[in-house]
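Descriptive structure summary
The chain contents come next:
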Amino acid sequence: MSDEHEHDPLQPHSHDPNPEPPGEDAAFVLTRPEGAPLTITVAQLQALPGAAVRECYIVSTGHGTSGPFTFGGVTLYEFVQSYVAGAWSQVEVISGDGFGTRVDRAELLLPGPAGPLLLAHTIDGRPLTRAEGLVRLIDPGERDDALRQVKWIGRINILP
Ligand SMILES: Nc1nc2c(c(=O)[nH]1)N[C@H]1C(S)=C(S)[C@@H](COP(=O)(O)O)O[C@H]1N2
Ligand SMILES: [Mo]
């Protein structure tokens, strides 16, 4: 984050995670291959089919590991399928503080043994707080750096 180039949220820093949420509103913007952008609220996520993933760890080289946690929410695959009727190839998940990741459709179609990527709004059976990252992307298979454990999702772009 310390270079003078324009910061690319999809090439995030690997250290010193931001402890501060970028505002209190957990709603985020969704863009899709077709149609106008939508604002997605936590209530709308709660209305989608639920999923939970046990034994999740937030692992970061340099500043330790936390967990295990059980995260609950909707799988990223189910979320995309709920909002896109046609073809799509990739999903970008970007936080309000300029941190993010890009996921290929193939990865979402065939989750790894640790479980599917999740748009999480609960942790250990209770609501995730805004400070804890509401709404947070969880990749249960990620075992270093936590670069995919995107807190405070501000935008999801579904790409054709
Ligand atoms: N929005 C956002 N998400 C983020 C980060 C960040 O700076 N901003 N840092 C990442 C990094 S580097 C780590 S180690 C973890 C830290 O997660 P924790 O605060 O739950 O321990 O969040 C990840 N997700
Ligand atoms: Mo990290």
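Below, the structure is looked at part by part.

Cut-off values and rules
Residues numbered from 1 in each chain as written. Chains lettered and ligands numbered in written order. Predicted model: local features only at pLDDT ≥ 70, side-chain atom pairs only at ≥ 80, totals over all residues. Heavy atoms only, no water. Pairing = 2+ DSSP bridges. Helix = DSSP H or I, 4+ residues; strand = E, 2+ residues; numbered from the N terminus. Axes fitted to C-alpha atoms, helices over the stretch in contact; angles between N-to-C directions. Buried < 20%, exposed > 50% of the residue type's maximum accessible area, 1.4 Å probe, protein only. Lys, Arg positive; Asp, Glu negative; His and termini not counted. Salt bridge = Lys/Arg side-chain N within 4 Å of Asp/Glu carboxyl O. Polar contact = N/O pair within 3.5 Å; in protein donor to acceptor, adjacent residues only side chain to side chain. Contact = heavy atoms within 4.5 Å. Near = heavy atom within 4 Å. Areas by Shrake-Rupley, 256 points an atom, 1.4 Å probe, with all protein chains shown as cover. Nonpolar A, V, L, I, M, F, W, Y, C, P; charged D, E, K, R; others polar.

If you walk across this open sheet you meet the five strands as β2-β1-β10-β5-β6, and the pairing is mixed. Two strands close off the open sheet at either side, each with one partner strand: β2 (38–40) and β6 (100–104). Strand-to-strand twist across the sheet, computed as the mean angle between neighbouring axes with direction ignored, equals 20 degrees. Relative to β2, strand β1 (residues 28–31) runs antiparallel, the two sharing three bridges. Looking at the pairing, F28 lines up with I40 of β2.

Here R136 lies in strand β9 (residues 136–138). Notably, R136 is buried but unbridged: the nearest opposite-charge side chain belongs to E142, and the N-O separation is 7.8 Å. From its side chain, R136 meets the backbone oxygen of Q149 in a polar contact 3.0 Å long. Setting aside its immediate chain neighbours within four residues, R136 contacts I58, L118, L119, A120, L128, Q149, V150, K151 and I153.

Turning to the site of ligand 1, a few remarks are in order. Taken together, the neighbourhood of ligand 1 is formed by 17 residues, with H63, D97, R136, Q149 and K151 sitting nearest. The separation between a nitrogen atom of ligand 1 and a polar side-chain atom of S95 is 3.2 Å. Within the backbone of Q149, one N or O atom sits 2.9 Å away from a nitrogen atom of ligand 1. Across the complex, the protein chains shield 86% of the 530 Å² of accessible surface that ligand 1 would expose by itself. The class makeup of the residues in the shell around ligand 1 is six nonpolar, seven polar and four charged.

This paragraph deals with the side chain of R148. Locating R148 in the fold gives a position in the loop between β9 and β10 (153–159). By relative accessible area, R148 is classed as buried at 14%. In terms of polar contacts, R148 uses its side chain to reach the side chain of D139, at 3.1 Å. Setting aside residues no more than four positions away along its own chain, R148 makes contact with T101, R102, V103, E107, L117, L137, D139 and E142.

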